[in-house]
Amino acid sequence: MTSLLALLAAPVGAVLTTLIGVFVGSIVSRRAQERHWIREQQAAACVRVLRESSSVLVDLSDMDRNRPDDIPQGVLAPTTVDWRPWGEALGSVNLVASRDIAAAAHAIDEQIWRFHIAIRRGLTPEENWMELRGRVVAAQGHFIAVARRHLSLTGEPLQRLDGRPAPDDPIWQTGRHTGGL
């Protein structure tokens, strides 16, 4: 009887070890897949925030450019911005992103609302369109830095976020030839 037990112990031990290995491997694999899925969802939500906030900036630019001349400054013009995509982008980042990423998205939202309200009532002579827009762009830059810290493999910040010339660059002066191409 003891020889039978000794004979069966090795195969039974091998089967149990294999089953335990498969079980532990499946748990580790499932966790890795969940982390990968969450990271993909967070990245997609961040891309959507950037895409939709940029789209709102374009809409705000159009709204300012197309403000009817017969509406005096201080009187609210009707909004032409479709807020649904922006609201959905914020909702998705609130759902899947870290607290830091969501807070950075909310900072973009705050600056967009401030810009929107200024454009609806008409910009005062003291307000500078590029400066107001720049606050939204700065919030987008902060959002990118926070998202990169959480989602990038290296987490390294970028030196520049775009190639747009500075607001005081002569290229923005209309009707002035600066020479060269």
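Everything numeric in this text was worked out from a predicted model, so none of it was measured.

Could you clarify how one ought to interpret the packing of aromatic side chains in this entry?
Each aromatic ring pair is specified by the distance between its two centres and by the angle formed by the two planes. What the rule picks out here adds up to two aromatic pairs. A ring pair is formed by Trp 83 and Trp 113, whose centres lie 4.7 Å apart and whose planes are at 10 degrees; its orientation type is stacked. In this pair, Trp 83 sits in the loop between α1 (2-65) and α2 (84-96) while Trp 113 sits in helix α3 (residues 99-121), placing the two residues 30 residues apart along the sequence.

Before we go on, may I ask you to explain the layout of surface pockets in this structure?
Sizing a probe to match a water molecule and rolling it over the atoms shows the empty space that remains. Quantified by volume, the largest pocket comes out at close to 290 Å³. Along the wall of the largest pocket there are 13 residues; nearest its centre are Ser 54, Arg 133, Val 137, Gln 140 and Asp 162. At the level of secondary structure, the elements contributing two or more residues to the lining of the largest pocket comprise α1 and α4 (129-151). When grouped by side-chain class, the residues that make up the lining of the largest pocket number seven nonpolar, four polar and two charged. Here the second largest pocket is characterised by a volume of approximately 160 Å³. Surrounding the second largest pocket, Met 130, Arg 133, Gly 134, Val 137, Asp 162, Arg 164, Pro 165, Ala 166 and Pro 167 form its lining. Of the residues assigned to the lining of the second largest pocket, the class counts are five nonpolar, one polar and three charged.

What should I look at first to understand the nonpolar core in this one?
For soluble globular proteins, the rule of thumb is that nonpolar side chains tend to be buried together. Counting residues in hydrophobic clusters, the biggest one holds 29 residues, and the most contacted among them are Val 49, Leu 60, Trp 86, Ile 112 and Phe 143. Counting residues per element, the ones that place at least two in this core are α1, α2, α3 and α4. Among the elements that make up this core, the one with the highest residue count is α3 (eight residues). Excluding residues within four positions of it along the chain, Phe 143 makes contact with Cys 46, Val 49, Leu 50, Ile 101, Ala 104, Ala 105 and Ile 108.

Quick question: what am I supposed to make of the packing of α3 against α4 here?
Geometry of a packed helix pair, given as the angle between the helix axes and the separation of the axes. Two elements in contact, α3 and α4, have axes whose closest approach is 9 Å; the angle formed by their N-to-C orientations is 170 degrees. In this view, α3 runs roughly antiparallel relative to α4, as classed from their interaxial angle. Contacts between α3 and α4 pair Asp 100, Ile 101, Ala 104, Ala 105, Ala 107, Ile 108, Gln 111, Ile 112, Phe 115, Ala 118 and Ile 119 from the former with Trp 129, Leu 132, Arg 133, Arg 135, Val 136, Ala 139, Gln 140, His 142, Phe 143, Val 146, Ala 147 and His 150 from the latter. Residue classes in the contact of α3 with α4 are distributed as 16 nonpolar, four polar and three charged.

Quick notes on the rules
- Residues numbered from 1 in each chain as written.
- Predicted model: local features only at pLDDT ≥ 70, side-chain atom pairs only at ≥ 80, totals over all residues.
- Heavy atoms only, no water.
- Phe/Tyr/Trp six-rings, centres within 6.5 Å; stacked < 30°, edge-to-face > 60°.
- Helix = DSSP H or I, 4+ residues; strand = E, 2+ residues; numbered from the N terminus.
- 1 Å grid on protein atoms, 1.4 Å probe; cavity = no way out; pocket = protein on both sides within 12 Å on 5 of 7 lines; lining within 4 Å.
- Points joined across faces, edges and corners; volume = space filled by probe spheres on them.
- Nonpolar A, V, L, I, M, F, W, Y, C, P; charged D, E, K, R; others polar.
- Core = buried A, V, L, I, M, F, W, Y, C linked by side-chain atoms within 4.5 Å.
- Buried < 20%, exposed > 50% of the residue type's maximum accessible area, 1.4 Å probe, protein only.
- Contact = heavy atoms within 4.5 Å.
- Axes fitted to C-alpha atoms, helices over the stretch in contact; angles between N-to-C directions.
- Parallel < 35°, antiparallel > 145°, perpendicular 65-115°, else oblique.

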